[in-house]
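An overview of the molecular structure
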Amino acid sequence: HDGSTEKDKPAVLCLGAGFTTRYLARHFDADVRFLSRDVPADLRSFNREEPFRPQIIVDSIPPVRDGNRLLNPLYQEQWQGFADAVFIHLSSTSVYDRDTPLVNETTPAVPEDARGQGRLDLEEAVLSVVPDAVILRCGGIYGPGRCLPLSIAKGQAAHVPTDNRYVSRIHVQDLCRLILAVGQSFYKEGATSPDALSGAGLPSMHPGHERRNLLLAVDPSPSPTAETLAFIQDRWGLAVPEVAGPAIGRRIQSLYTERFGLFDFPDYKAGFVHCMQGF
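Residues numbered from 1 in each chain as written. Predicted model: local features only at pLDDT ≥ 70, side-chain atom pairs only at ≥ 80, totals over all residues. Heavy atoms only, no water.

Moving on, we come to the pairing of strand 8 (residues 134-138). Burial analysis of strand 8 places five of its five residues in the buried class, which makes it a mostly covered element. On strand 8, burial covers both faces: Val134, Leu136 and Cys138 on one face and Ile135 and Arg137 on the other are all buried. By the bridge criterion, five bridges tie strand 6 (residues 86-92) to strand 8 in an arrangement that is parallel. Bridge pairing in strand 8 links Leu90 to Leu136. (Buried < 20%, exposed > 50% of the residue type's maximum accessible area, 1.4 Å probe, protein only. Helix = DSSP H or I, 4+ residues; strand = E, 2+ residues; numbered from the N terminus. Pairing = 2+ DSSP bridges.)

Dropping the structure here:
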């Protein structure tokens, strides 16, 4: 805690109680509430009955379908009354072609599978309801209790790529920090922007391809699978799958994340060591 009062804390409404939003509530100095059917018992006290007006709304709910019909965005009746809140939707870098060598916010989204297309469809659905939504396309989110070396230690390595592809990740602590920093910067700008005050919407602060406000939430150091596995083997003595061949695939770099300060975990090595403390 930095000594701020309850009044000073950013007010955050989380749609969905997943890995990221739970971490945000437990580890950051923010006034967090949830709209979710699955709020863990230790976080239910966050949903107090006193008046609450969010500055930031974080939508972490993945695509929900009824057959071919996309049901998201969810909980619209509850949050649509908060027109001055910054709406942040957590999407995925799976919307990009995995063989594009370099990807940033100006790169066109070209999904190559149903998962990636589903995330892109969800972005469009969110933007059709909230045109000013900020889209954060996240790399592989990991953190305490959920990371590659822990999966390997538990014998759960089936998802490890068999080719030596670059992988872009983000530690959940850095993702939460970005969520709050981006949300607060947009909220402050919206409170002073003539366009926002006139009802014309938030300014475009981080423009991307076919998006007014887009941020690639990845750490600065994408890494080839073979290098990553070799580090895990050397650091923890774990048996890792064999991956050979030259490093291929996309390297994702954000044009904007450096505006929000340094990463606590700028690469997978620092992040994995943090996650595996006590292993």
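Read on, since the account is not over.
In this section: the environment of Phe231. Summarising the element assignment, Phe231 is placed in helix 7 (residues 225-236). Phe231 gets classed as buried once you look at its relative accessible area, which sits at 16%. Between the C-alpha atom of Phe231 and that of Lys269, which follows or precedes it by 38 residues, the distance is 7.7 Å. Each residue touching Phe231, except ones within four places of it in the same chain, is listed here: Trp236, Tyr268, Lys269 and Val273. (Contact = heavy atoms within 4.5 Å.)

Looking only at helix 8 (residues 268-275), the buried set comprises Tyr268, Gly271, Phe272 and Cys275. The buried residues of helix 8 occupy an angular sector of 95 degrees when the element is viewed end-on, so they sit on one face. The N-cap of helix 8, judged by a side-chain oxygen 3.2 Å from the amide nitrogen of Lys269 a few residues on, is Asp267. (Arc of directions from axis to C-beta. Polar contact = N/O pair within 3.5 Å; in protein donor to acceptor, adjacent residues only side chain to side chain.)

Tallied over the full model, the rule gives 14 salt bridges. Note that Arg137 is salt-bridged to Glu123, the shortest N-O span being 2.8 Å. One end of the pair, Arg137, is in strand 8; the other, Glu123, is in helix 3 (residues 114-129), and 14 residues separate them in sequence. Residues Arg137 and Glu123 agree in their burial class; the two are buried. The residue Arg212 makes a salt bridge to Asp132 at a minimum N-O spacing of 3.0 Å. (Salt bridge = Lys/Arg side-chain N within 4 Å of Asp/Glu carboxyl O.)

So, about the layout of surface pockets. Considering only enclosed or pocket space, the second largest pocket measures out at about 410 Å³ in volume. Taken together, 20 residues line the second largest pocket, and the ones lying closest to its centre are Phe82, Ala83, Asp84, Ala85 and Asp132. Broken down by element, the lining of the second largest pocket gets its largest block of residues, four residues, from helix 5 (residues 172-192). Counted by class, the lining of the second largest pocket contains 15 nonpolar, three polar and two charged residues. (1 Å grid on protein atoms, 1.4 Å probe; cavity = no way out; pocket = protein on both sides within 12 Å on 5 of 7 lines; lining within 4 Å. Points joined across faces, edges and corners; volume = space filled by probe spheres on them. Nonpolar A, V, L, I, M, F, W, Y, C, P; charged D, E, K, R; others polar.)

Let's shift gears to the packing of aromatic side chains. Overall, the coordinates contain six aromatic pairs when judged by the stated rule. On the numbers, 6.5 Å between centres and 55 degrees between planes, the contact of Tyr23 with Phe28 is tilted. Measuring from centroid to centroid gives 4.8 Å for Trp79 and Phe87, while their planes differ by 55 degrees, and the two rings are tilted. Just as Trp79 is buried, Phe87 falls in that class too. Ring pairing ties together the aromatic residues Tyr142, Phe231, Trp236, Tyr268 and Phe272, which thus form one cluster. For the cation-ring pair, Arg177 lies above Phe263, with the distance from its terminal atom to the ring centre recorded as 5.4 Å. Its end group placed over the ring of Tyr166, Arg251 keeps NZ or CZ at 5.4 Å from the ring centre. (Phe/Tyr/Trp six-rings, centres within 6.5 Å; stacked < 30°, edge-to-face > 60°. Lys NZ or Arg CZ within 6 Å of the ring centre and 35° of its normal.)

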